[in-house]
Amino acid sequence: MISLKRQGASMLRMAAAVAAVVAPLGLAGVTATPAQAASGSCWGGPQATDHQGRTFNTRVCPTWTTADLLNHTYQIGEGAGAVGRMYANNNWVVCQTRGGSNPPYGGNSNHWWLYTQADQSYGGPTNGWGWLPATAVSYGGNEDPIPGVPTCATYPGYDPIPR
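Residues numbered from 1 in each chain as written. Predicted model: local features only at pLDDT ≥ 70, side-chain atom pairs only at ≥ 80, totals over all residues. Heavy atoms only, no water.

## A look at the environment of tryptophan 43
Argument step 1. Looking at the secondary structure, you find tryptophan 43 in strand 1 (residues 43–49).
Argument step 2. Linking tryptophan 43 and threonine 58, residues 15 residues apart in sequence, is a C-alpha distance of 8.6 Å. (Helix = DSSP H or I, 4+ residues; strand = E, 2+ residues; numbered from the N terminus.)

Quick look at the structure:
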């Protein structure tokens, strides 16, 4: 059996190798250098404007699995309140906040959620804007925030919790 520490190092090397291949291709308009991927964090991304007309600076984070985005951070169960789907790739996110339990992708657990727009919107008023579970992101530990992504509390007047 491989230790978790060794598995993490292997995944980090694999992510760096993938980034080295993806970066020259410019897939999805978002690329990473091998050094960025190997650093285990997210890096600067494009500006994005959400369905409410708010413009944000973003961070790009690699996701290792396809995941549904939910319309708020306190729904339990994969597919509950899904607004869209995010595919495994280098994906930009706006910020992160604590919420309900994430789907246990890869057996991981977390309560952090990242605000972003889905690759594939399921329609509706949010145009695919929603919350990506941190368990779908390549970096970060169980119950830890994703390194390099600001908390949503740093955006004045922004409240991610529905009323």
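## Observations regarding the nonpolar core
Argument step 1. Core analysis: the biggest nonpolar cluster contains 17 residues, and Cys61, Leu114, Leu132, Ile146 and Val149 have the highest contact counts within it.
Argument step 2. When contributions to this core are tallied by element, the ones reaching two or more residues are strand 3 (67–70), strand 4 (82–86) and strand 7 (112–117).
Argument step 3. Excluding residues within four positions of it along the chain, leucine 114 makes contact with Val93, Cys95, Gln96, Gly130, Trp131, Leu132, Pro133, Ala134, Val137, Ile146 and Val149.
Argument step 4. Formed by 13 residues, the second largest nonpolar core is a distinct cluster that contains Trp43, Phe56, Leu70 and Cys152. (Core = buried A, V, L, I, M, F, W, Y, C linked by side-chain atoms within 4.5 Å. Buried < 20%, exposed > 50% of the residue type's maximum accessible area, 1.4 Å probe, protein only. Contact = heavy atoms within 4.5 Å.)

## With respect to the pattern of salt bridges
Side-chain pairs of opposite charge can arise where the charged atoms are in close proximity.
Argument step 1. Within this structure, the stated rule accounts for two salt bridges.
Argument step 2. In this structure, arginine 54 and aspartate 50 form a salt bridge, with 2.7 Å as the shortest nitrogen-oxygen distance.
Argument step 3. Accessibility expressed as a relative area gives 25% for arginine 54, which makes it partly exposed.
Argument step 4. In this structure, arginine 85 and aspartate 68 form a salt bridge, with 3.0 Å as the shortest nitrogen-oxygen distance. Placement of the pair is arginine 85 in strand 4 and aspartate 68 in strand 3, with a sequence separation of 17 residues.
Argument step 5. The partly exposed category is assigned to arginine 85, whose relative accessible area is 27%. (Salt bridge = Lys/Arg side-chain N within 4 Å of Asp/Glu carboxyl O.)

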